[in-house]
Amino acid sequence: MPRVKYKSSDVDLMARMMRAEAEAEGQQGMLYVGNVIVNRANADCLDFQDVRTIEDVIFQVQGGNYSFEAVQKGNLFYERARSVEKKLAKKALDHWRDHPAKYALWYFNPYAPCPPTWYGQPFSGQYKQHCFYEPAAGSCESVYRG
């Protein structure tokens, strides 16, 4: 059973986002971004109470901006997904989870050392240039399911 319900168009959409956000960090980095996307679709808490699908997650607007910078910038996100990214997206949708993004709902590249918290959420680890953050204990139990 997949971690989140999805359609074939979701695989393509997620593959494009994974590439746009983490191509420079290789396949592992793209899988971590995929973890965060799936975690947000499963998380019924915090900023993610109204997002249930991959499309909802990718196009979510917070504070007047898209949650994912790649949607705004029109970079690789608007190019066709390649087969390798589609395979990675399907893997993340179906079953793949790993530290430091296993339960992460946020990531960013600070262009400096990772801060110990980000908007009050604890640091869960770093992969190359991306810092990953999990919800604070007791604030989002739904992220630990699936």
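Residues numbered from 1 in each chain as written. Predicted model: local features only at pLDDT ≥ 70, side-chain atom pairs only at ≥ 80, totals over all residues. Heavy atoms only, no water.

Here we look at the sheet that holds strand β5 (residues 121–127)
Reading across the sheet, the four strands line up as β3-β6-β5-β4 and stay open at both edges, with antiparallel pairing between neighbours. Looking at strand neighbours, the two that pair on one side only are β3 (106–108) and β4 (117–118), the edges of this open sheet. Note that β4 and β5 share two bridges and pair antiparallel. Looking at β5, one finds that Trp-118 is bridged to Gln-121. Across the sheet, helix α2 (residues 26–42) is in contact with β3, β5 and β6 (130–133); its angle to β3 comes to roughly 145°. (Pairing = 2+ DSSP bridges. Helix = DSSP H or I, 4+ residues; strand = E, 2+ residues; numbered from the N terminus. Contact = heavy atoms within 4.5 Å. Axes fitted to C-alpha atoms, helices over the stretch in contact; angles between N-to-C directions.)

Focus: the pairing of β6
Alternating positions in β6 separate into two faces, His-130 and Phe-132 on one and Cys-131 and Tyr-133 on the other, with burial throughout. Two elements, β3 and β6, share three bridges in a ladder whose sense is antiparallel. Of the residues in β6, the one forming a bridge with Trp-106 is Tyr-133. Looking at chain direction, β5 and β6 are connected through four bridges and run antiparallel. Its bridge partner being in β6, Gln-126 is matched across the sheet by Cys-131. Counting the residues that bridge the hairpin from β5 to β6 gives two residues, and of these Lys-128 lies at a positive phi of roughly 50°. (Buried < 20%, exposed > 50% of the residue type's maximum accessible area, 1.4 Å probe, protein only.)

A closer look at the packing of helix α1 (residues 8–22) against helix α5 (residues 83–94)
Viewed as axis vectors pointing N to C, α1 and α5 meet at an angle of 110°, and their least axial separation amounts to 8 Å. Between α1 and α5, the crossing angle belongs to the class labelled roughly perpendicular. Contacts from Val-11, Asp-12, Met-14, Ala-15, Met-18 and Arg-19 of α1 reach α5 at Glu-85, Lys-86, Leu-88, Ala-89, Lys-90, Ala-92 and Leu-93. Counted by class, the contact of α1 with α5 contains eight nonpolar, no polar and five charged residues. (Parallel < 35°, antiparallel > 145°, perpendicular 65-115°, else oblique. Nonpolar A, V, L, I, M, F, W, Y, C, P; charged D, E, K, R; others polar.)

Thoughts on the nonpolar core
A general trend in soluble globular proteins is that nonpolar side chains are found buried together. Counting residues in hydrophobic clusters, the biggest one holds 46 residues, and the most contacted among them are Met-14, Met-18 and Ile-37. Residue assignment for this core shows that the elements contributing at least two residues are α1, α2, α3 (54–58), α4 (69–73), α5, β3 and β6. Excluding its chain neighbours within four sequence positions, the residues that come into contact with Ile-37 are Met-14, Met-17, Met-18, Ile-54, Val-57, Ile-58 and Phe-68. (Core = buried A, V, L, I, M, F, W, Y, C linked by side-chain atoms within 4.5 Å.)

A short note on a nonpolar patch on the surface
On the surface, a cluster of nonpolar side chains totalling about 370 Å² of accessible area is made up of Phe-59, Val-61, Tyr-66 and Tyr-78. Position of Val-61 among the secondary structure elements: in strand β1 (residues 61–62). (Patch = residues over 30% accessible without salt bridge, like charges linked within 9 Å, V, L, I, M, F, W, Y side chains within 5 Å. Areas by Shrake-Rupley, 256 points an atom, 1.4 Å probe, with all protein chains shown as cover. Salt bridge = Lys/Arg side-chain N within 4 Å of Asp/Glu carboxyl O.)

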